[in-house]
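# Commentary on secondary and tertiary structure
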Amino acid sequence: MTMRTSPFHPKTSALCASYAWKEWAGYAAVCHYMPHSEAEVFAVRSTAGLLDITPLYKLDVKGPDAGVFLSRIWTRDISTIGRGRVVYSAMCDERGYVLDDGTVARIGEDHYRCTSSEPWLAWFLNHSRGFDVEITDTTDALCGLALQGPRARAILKGITEFDMDKMRFFRMRKTTVGGVPAWVSRTGYTGDLGYEIFCENQHALALYDAIVAAGEPHGMIPMGLDALDVARIEAGFVLQGVDYISAKSCLIDALKSTPDDAGLGWTVDLDRAPFIGQAAIRAERAAGPVWDLVGLELSWEGLEALYAEAGLPPHLAPEACRSSVPVYDLDGEQVGQVTSSVWSPTCKRYLALAQVRRPHHYLGTELFVEYTPMFERKRVSATVVEKPFFDPPRKRSVPERPAPAPAEPAPDPSEEVAS
Amino acid sequence: MSQAVVIGGGPNGLAAAIVLSDAGHDVTVFEARDEMGGRCHILGDTAGVQPWALKALGINLERDSAEPLHHATSGTLVTVDDAVTGVAAWRAEVARFTGLIASLSSAPPPDIRQDAPMFALLGPAFAGLKLGRAGALELARIGPLCAEDWLDEWGIPRSAQAALCAPALHGTWMGPRSPTSALAVLFHTALSSQPIKGGMAALLTALTARAQALGVTVETASKVVDIQVTDGAVSGVSLADGRFVESTVVLSTVGPKSTLLELVSAKSLPLGTEAFVTHVRTRGVVAVMKCQVSAPIFGGASHVVVTDDTMSLERAFDDAKHRRLPASPALDVYQQDGQVSVLAFGAPFDLEGGWTDEAKATLKATLFEVLSAYIDTGLIEESTVWTPADLSEDFGLDGGHLFHGEFALDQFLSFRPHPSLARYQTTIGGLFLGGAGMHPSGTFTLGQGVLAAQSV
Amino acid sequence: MSEKYDAIIVGGGHNGLVCAAYLAKAGRQVLVLEKRHILGGAACSEEIYPGFTYSVCSYVVSLLRPQIIRDLQLSRFGLHVLPLESTFTPYPDGRSLMRSANPDVTRQEIARFSAKDADVYPLFGKAMGQLARFAKPIIDEKAPDPMSYRPAELMQLLKMGKRFRDLGDDLALLQYKLTTMSAVDFLSEWFETDELIAPMSCSGIIGTMLGVKSPGTAYVLLHHYMGEIDGSSRSWGFARGGTGAISMAIARSAEHFGAEIRTNAGVANIKVKNGTAQGVVLENGDEIDAKIVISGAEPRLTFLGLVGEKELPDDFVTQLKRYKLRGSSGKVNLALDRFPDFVARPGSGMHMRGDISIAPNTDYLERAYDDAKYGDFSQKPFMNIVFPTLMDRDMAPPGKHVMSIFVQYAPYHIKEGPSHWPEKREAFGDAVIDTLSEYCPTLKDSILHRQVLTPWDLEQEFGLTEGNIFHGELSLEQLLFQRPASGWAQYKTPIRKLWLCSSGAHPGGGVMGAPGQLAAKEILMGGAC
């Protein structure tokens, strides 16, 4: 039995020199194209990276009640979003535990498209009784690419019908890209300027070729999941299954997270028509949430010292780590766990996402994180800092004037590029 | 004085209206059909009507002295009485449990949810203790048995078994060889005593009179099409003719499924409520024929079961199970003053190909054929047949089911129709359920409407 | 001349052997007496046709208790269980469904029938896994006695009650529904595809005389989720060397600990004097005495056959006579000279390396049951098939295969009377092969040898009364404290010094070894020998 492949596979597999693949939602996905992911991380922050996001689960909801229906499902009030807008939201079960997080785009008057990390067709169908909606799982019908990085707009500008200068942050448009009909949204998982482009499977190869042709002069390179992991941690984005676990997959309540526990409390539009989990979230907020998901910065001096103790130079590879390690307060009591961490090449800091018990979540709180430089477990001090760690203005900005044509040579990816 | 609406003018609707009115409410009953009475017009078994229910309604009705059970089998008419092997001993065994079953059936079922106070279970625990440990264990042993195995243990011949089982199976989706059918037979038998003098007609007359005396308003040909919910509580009902009637108390005696899935709009149903109601099983397997006879049939017996033995009863169930027209349905015939009600077991609601006119005609012909072995069918005048599809259409019975929901081990007592609804209150303020789809179940008791109204 | 042992175990089936091993390990002098020429009872492997080894009756293992494997060091004595990773269902119209341990593959397979069911499938598995965690301890503890006031018993009952309440409302209700509903009704609350519900529901009727739409068949679905192999949760496994290898490993372990095992040594009756068991009398007339006698045989056979009605109290005899046996299954073992392709999905790939069900829809299964209800074997039977040779090449010569076919329904009580089964044996076998040929047309031509076992054969040869493979139906009124009879469910019997360690005792049938182990535990704890 062979793993499933996306329609872009002929292109991506030809480019994957490292042969490093992994499984994502039943599809084969590239971890890194180059022998190491470093170059891809730099590309995202200096030129652009192109990522195959076909494995995202997609649900299309159509009908006069689509907005109202989706408002019951998601923690954001979907019924108020206008055409061409995209929102990021969480989705909870009746007891207020997060099932998933994802985006909801209003593609047309009565047509919405949701993306998520897990499949939810049955969940949607079971809650749609009485609503005039048509729900279709379009995961396998549509393929997608994410184009992320400072040159992303410039790359697309030449090949899209719609004037990309006019596309604002978290907006979307049905247009053509390289002649191919596609939905383009200014969204992404890297916390940078970027776009996600979806099209029907039969256009996949044409779309890929068009973007590559336009991107090459700008120094765009294909990018794998490892680089994405680094970028998203820099952006402070949580990943379901890593930073919190979908209540669907948890055998016990202790493993589940409410939106506030998972740092997704800001997505909850609480006081409105009933939505799934509303009563539970209200009760939790009245009693006080237990956890929070915070950003930590591990002390560079501390890390240096640990390595020096062992007689080693510090060795921090810019690869995201998903091993969960304990977080302690200054008295040595465990108050949480790091879920994702990385030495950020962009920020030159050691960053981590961690679930910690309140009240240890306040900015500036000093904590300890377990760190194992040699085989012994040590602790290094860490501070709760603002998220996102990396938030360039270009992520949201719209140009005052047209962007420059790609006349300059492609920058050397190993050079640091100031944001 | 608050305005209360009762949906459904059948026996439970009238009972609920009486109790509510007696308690001081200003009650209006809305009945979709042109006449009040609902299932009183098609059922015939009044032996299960509970004395405590009549007392709570302030109704006094004489009972007929118990008649032996008549059984038309293999061409002859016999009686299933204590003279038949094993029957007396078995009836004594049923009597052993009657106290417990009757007491459970005369009160709301215990609340078994996790956050329910533990003392909710004390009542039934007490009643169980009166049985003694041996009795309780024996009841636990009998429950899962199939009726045939249980009655075999008492040595009752298979043909007599069919007569004892058939009336109990109408409300189930089981045959005599189905596990837990013994429990259905036990409950039905334990709850049945003597029939009411004058039968269903007398019962209906008494209910109507009492309701009238208490000032209950009844409106026929008034179908409720919507229950309005505002801010989590009922605010009134809409009728088919467009009228809106304000009310903060609505007691529905139509099925839980119809009430919560059709009358209450999905958008105002509290999140999570509806999921389990869609699973309530309501597979009707009984068709009804009502007719007049110009002269008494079956020697005037008020109740006759027409089926050969447990095997034929099982085959009738198999026909229903496989969605076929019954080749030889088991019949429960009730006779009262020239009116005859025939309940034909074996006719599935979801007949393969649907209940076309042809299918209905075939069914009717089959009924006549079965009866012709025992009676002169020429005596039958003016007969009307309701297939399960007709029962659904005409009487608003979900799945054409005569009791709005199957009797099963997971759909009886505190589980009927679901632990969170079993005590008649829904999570919508002011909305109560009081039809046959609620506790008590097992036979026609008239208890649901009373208990539901008492819980308001 | 009679020898004296601490314990004699009547019957060398897997439970008897487990009991013997535990007692021997505790230092007792134990003698196991088996009437057949080989050990294992219905868990045996035999070379019926030269070169081919059949797992004659039982052919898969799931719930063999891990603590028994550890305590008796069974891996050391040759036990090697391979997980069956998939379950395959072909349909007459050429479609097929494979469900495997890989969730993504399973999802894609189910999605071809229903995208919604594909989503729900892992959720169902998770809910059942949670219920299984609640139910599992029941298998490893003796059944509590609700008639007793002893603190230990009451504590056990209270613990069970607390575990039930700790499930929470939703799961507790689900557990109750699982226990009371039919397999099809229960599954229909989750799934919409009949082609999926059908193969899932079959596990509810294995070894019972009930249909998939009969109440009480849902709870057996839990078995699928309680399985453990090598400490991790898997459904079903296959023992290298066939099921007999399991029994032989247990036997070797028992002998290692000092037990004596004799085959071709059938017991004619159990000697009882003044209500106390003294020993046994063999079929050849030899008498052997022991401090206690333990029966690994089916209860009715044990008490009414080997002990005799007159030695037993009346109400016990009544309960025994009511004890439902009613075998409903048969077995067909085939030696094949090549692999028979299933047209729905040819080849002997991953999809064949698990079990294969002929269960195309629920009506089919229910009609198979109806045939049996009215006294005949199913014309179109339900079948569960394994090709052990795909996992274990030693079971047949190279390139050749063994096909192990479990069949339902084959009712012991056919309308002609059970003793007429031999006359119908070949017709029964033909019905099986004819039905299978619709799915693999090359089957008939590849058959080198066919062994057909009817319920009559199971009774005559293996001592399975009425051909019931579990020593008594696993129906609710014959489980836990009512197995085999109310008041006698803790391995003791009304005859002093006579114990029961077979599948007719809690927790029942299947190759678990639990009755054998729990009986040994009771015996040792009570100082009986």
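Please refer to the structure higher up on the page.
The structure presented is a predicted model; accordingly, all values stated were derived computationally and were not measured. (Residues numbered from 1 in each chain as written. Chains lettered and ligands numbered in written order. Predicted model: local features only at pLDDT ≥ 70, side-chain atom pairs only at ≥ 80, totals over all residues. Heavy atoms only, no water.)

### Looking at the interface of chain B and chain C
- In this complex, chain B contributes 33 residues to the contact, which on the side of chain C involves 35 residues.
- Both sides of the chain B and chain C interface together cover about 3,200 Å² of buried area, and 53% of this is carbon and sulfur.
- Among the residues of chain B in contact with chain C, Gln-114, Arg-133 and Leu-137 of chain B are the three that bury the most area, contributing 21% of the side total.
- Connecting chain B to chain C are 10 salt bridges.
- For Arg-322 of chain C, the salt bridge identified is with Glu-153 of chain B, shortest N-O distance 3.2 Å.
- At the boundary of chain B and chain C, one finds 16 residue pairs in polar contact (both at pLDDT 80 or more).
- Only helix 4 (122-142), helix 5 (147-153) and helix 11 (310-321) of chain B provide two or more residues apiece to the side of chain B that touches chain C.
- Broken down by element, the residue count for the side of chain B that touches chain C peaks at 5 residues, all from helix 11 of chain B.
- Class assignment of the residues belonging to the side of chain B that touches chain C gives a composition of 14 nonpolar, 6 polar and 13 charged. (Contact = heavy atoms within 4.5 Å. Buried area = accessible area lost by both parts, 1.4 Å probe. Salt bridge = Lys/Arg side-chain N within 4 Å of Asp/Glu carboxyl O. Polar contact = N/O pair within 3.5 Å; in protein donor to acceptor, adjacent residues only side chain to side chain. Helix = DSSP H or I, 4+ residues; strand = E, 2+ residues; numbered from the N terminus. Nonpolar A, V, L, I, M, F, W, Y, C, P; charged D, E, K, R; others polar.)

### Thoughts on helix 12 (residues 314-322) of chain C
Residue and element names in this part refer to chain C.
- Listed in full, the buried residues belonging to helix 12 are Phe-316, Val-317, Gln-319 and Leu-320. Burial along helix 12 is one-sided: seen end-on, the buried residues are contained in an arc of 160 degrees.
- Along its buried surface, helix 12 packs onto helix 11 (299-307). (Buried < 20%, exposed > 50% of the residue type's maximum accessible area, 1.4 Å probe, protein only. Arc of directions from axis to C-beta.)

### Some thoughts on the sheet that holds strand 6 (residues 224-230) of chain B
Residues and elements named next belong to chain B.
- Ordered by their spatial adjacency, 3 strands build an open sheet running 6-7-8, and the pairing between neighbours is antiparallel. Each edge of the sheet is formed by a strand with only one pairing partner; in this case those strands are strand 6 and strand 8 (244-246). For this sheet, the mean angle separating the axes of adjacent strands, direction not counted, is 30 degrees.
- Where strand 7 (residues 233-239) lies against strand 8, 3 bridges are found, and the strand directions are antiparallel. The residue of strand 8 that forms the bridge with Gly-236 is Glu-246. (Pairing = 2+ DSSP bridges. Axes fitted to C-alpha atoms, helices over the stretch in contact; angles between N-to-C directions.)

### Points about the interface of chain A and chain B
- Across the boundary between the two partners, chain A contributes 9 residues, which contact 9 residues of chain B.
- When chain A packs against chain B, close to 810 Å² is buried across both sides, 56% of that on carbon and sulfur atoms.
- Linking chain A to chain B there are 1 salt bridge.
- Taking the shortest distance from any N to any O, the salt bridge between Asp-65 of chain A and Lys-267 of chain B comes out at 2.9 Å.
- Viewed at the interface, chain B and chain A are joined by 3 residue pairs in polar contact (both at pLDDT 80 or more).
- Split into classes, the residues belonging to the side of chain A that touches chain B amount to 4 nonpolar, 1 polar and 4 charged.

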